[in-house]
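# Overview (structure and organization)
Spelled out from the first residue to the last, the chains are:
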Amino acid sequence: MEHRKVIIIGSGPAGLTAALYAARADLQPLVFEGEQPGGQLTITTEVENFPGFPEGVMGPKLMDDMRKQAQRFGAESLFEYVDKIDFGDRPFRLWVGEKEWTCDVVIIATGASARLLGLESEAKYMGFGVSACATCDGFFFKDLEVAVVGGGDTAMEEAIFLTKFASKVTIIHHRDELRASHIMQRRAKSNPKIEFRLNSVVEEVLGTEENGRKKVTGLRLKDTKTGEISEMKVDGLFIGIGHKPNTDLFKGVIEMDEKGYIITKAKSTETNLDGVFACGDVQDSKYRQAITAAGSGCMAAIDAEHYLQTFED
Ligand code: NDP
């Protein structure tokens, strides 16, 4: 068993910025990088809105550099997934399999993941025509026809982005009203390559498998008003139905909202548990940007440092 003052769970911009600040405060933080080291930015290509990079920066490169910067001041990374916690007593206890760590402060930066429809055929063709990230995979659909599921800003943004490559983009939404902001709706509706299929749900992703190579060929749709079943020819399907915070590990322990996002106190990263802080997308369903995540990671490290000062007094 090993003891640390600060353990950070998660390694996106929030976790790695918390690591940088905690390391510079001489707290030698240990970062559990988890299943997707570097977080969601590692599945994007170019990041154009992180300040300081006038020409843009590749997501994986930005995250590697953030990690190196934190390590330069003494942060340590373990590429492991914490699978059990006990915050009931001091010190806090965390496990990876049988191996146990204890610590005085935990910073939760486990982020959020794209939500999926939950269809068997969606899982089967994931990465072979089904995607949850237009920025990552749009390029593969040059002059092809694709569909985007969802009625929020993410779906509109993905659809508009996909028109750079695809010859036609159909937005499929299960209601007759979109949730997206007016400006995003207007942009999507005025784009000549975008069509809408409202009151429709994807029942199945259709495809073929030749010589072990899977390929999407279409969708089976159901009209939510009439129940009518139809087929639609597409080469790709993008899922844009929102995100799910990665908080399963903390259920029943840390206070969350009805969507599972961790609740932090106003103007701070404090959770309902003393000594446990949360930053980044795991506590933010609104802004969800790399720069806001990084900012709240900085806040979490400063909050942790102040907490440790009173804890040690
Ligand atoms: P939202 O929760 O806003 O939208 C999710 C959409 O997917 C809704 O239309 C929802 O339907 C639909 N949906 C959910 N589950 C299913 C399902 N199982 N099957 C079919 N459809 C489903 O998430 P977003 O990711 O779009 O946006 C999250 C936040 O991020 C928002 O605050 C948004 O404004 C912001 N954002 C802003 C952007 C920008 O300004 N450029 C870009 C992207 C996001 P229903 O409408 O019935 O709930």
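Predicted model only: the values in this text are computed from it and were never measured.

### Quick word on the packing of aromatic side chains
For the coordinates displayed, the defined rule picks out nine aromatic pairs. Aromatic pair Phe 87 and Phe 250: ring centres 6.4 Å apart, planes at 25°, arrangement stacked. In this pair, Phe 87 sits in the loop between strand E6 (84-86) and strand E7 (92-96) while Phe 250 sits in the loop between strand E18 (243-245) and strand E19 (276-278), placing the two residues 163 residues apart along the sequence. Considered together, Phe 87 and Phe 250 belong to a single accessibility category, that of buried residues.

### Things to note about the nonpolar core
Among the nonpolar cores identified, the biggest contains 33 residues, and Val 6, Ile 8, Phe 50, Leu 62, Val 105, Ile 107 and Phe 277 are the most heavily contacted of them. Residue assignment for this core shows that the elements contributing at least two residues are strand E1 (2-9), helix H1 (13-24), helix H2 (59-72), strand E8 (99-108) and helix H7 (290-312). Per-element accounting of this core gives the leading share, eight residues, to H7. Leaving out residues up to four positions away in the same chain, Ile 8 has contacts with Gly 15, Ala 18, Ala 19, Pro 29, Leu 30, Val 31, Phe 32 and Ile 107.

### Notes on the packing of helix H5 (residues 153-162) against helix H6 (residues 182-189)
Between H5 and H6, the least distance of the axes is 9 Å, while the angle of their chain directions is 30°. Overall, the two elements H5 and H6 adopt an arrangement that is roughly parallel. Between H5 and H6 lies a crossing of left-handed hand. Contacts between H5 and H6 involve Asp 153, Met 156, Glu 157 and Ile 160 from the former and Met 184, Arg 187 and Ala 188 from the latter. Of the residues contributing to the contact of H5 with H6, the split by class is four nonpolar, no polar and three charged.

### Structural notes on the sheet that holds strand E16 (residues 229-233)
Backbone hydrogen bonds hold the strands of a sheet together, and the pairing may be parallel or antiparallel. Sheet architecture is open: three strands sit in the order E14-E15-E16, paired in antiparallel fashion. Each edge of the open sheet carries a strand with a single partner, namely strand E14 (200-210) and E16. Across the sheet, the mean angle separating the axes of adjacent strands is 30° when strand polarity is ignored. Bridge analysis of E14 against strand E15 (residues 213-223) gives ten bridges, and the strand direction is antiparallel. Residue pairing for E15: Gly 207 is matched across the bridge by Val 216.

### A look at the side chain of Arg 4
Within the secondary structure, Arg 4 sits in strand E1. For Arg 4, a relative accessible area of 15% translates into the label buried. Among the polar contacts listed, one links the side chain of Arg 4 to the backbone oxygen of Gln 28, at a separation of 3.4 Å. Beyond its immediate sequence surroundings of up to four residues, Arg 4 is in contact with Gln 28, Pro 29, Leu 30, Glu 76, Thr 102, Cys 103 and Asp 104.

### Topic: the side chain of Glu 122
As for its position among the elements, Glu 122 is in helix H3 (residues 120-124). Despite its burial, Glu 122 pairs with no opposite charge; the closest candidate is Arg 115, at 9.9 Å N-O. Here Glu 122 is in contact with Leu 116, Leu 117, Val 130, Val 205 and Ile 239, once residues within four sequence places are set aside.

### Topic: the pairing of strand E17 (residues 236-239)
A two-sided burial pattern is seen for E17, the buried positions comprising Gly 236 and Phe 238 on one face and Leu 237 and Ile 239 on the other. The pairing of strand E10 (residues 130-131) with E17 spans two bridges and is classified as parallel. Its bridge partner lying in E17, Val 130 is registered against Leu 237. Where strand E11 (residues 145-149) and E17 come together, four bridges link them in parallel fashion. Bridge assignment links Val 146 to a residue of E17, and that residue is Gly 236.

Definitions and cut-offs
- Residues numbered from 1 in each chain as written.
- Predicted model: local features only at pLDDT ≥ 70, side-chain atom pairs only at ≥ 80, totals over all residues.
- Heavy atoms only, no water.
- Phe/Tyr/Trp six-rings, centres within 6.5 Å; stacked < 30°, edge-to-face > 60°.
- Helix = DSSP H or I, 4+ residues; strand = E, 2+ residues; numbered from the N terminus.
- Buried < 20%, exposed > 50% of the residue type's maximum accessible area, 1.4 Å probe, protein only.
- Core = buried A, V, L, I, M, F, W, Y, C linked by side-chain atoms within 4.5 Å.
- Contact = heavy atoms within 4.5 Å.
- Axes fitted to C-alpha atoms, helices over the stretch in contact; angles between N-to-C directions.
- Parallel < 35°, antiparallel > 145°, perpendicular 65-115°, else oblique.
- Left-handed = near helix turned anticlockwise from the far one by under 90°.
- Nonpolar A, V, L, I, M, F, W, Y, C, P; charged D, E, K, R; others polar.
- Pairing = 2+ DSSP bridges.
- Polar contact = N/O pair within 3.5 Å; in protein donor to acceptor, adjacent residues only side chain to side chain.
- Lys, Arg positive; Asp, Glu negative; His and termini not counted.
- Salt bridge = Lys/Arg side-chain N within 4 Å of Asp/Glu carboxyl O.

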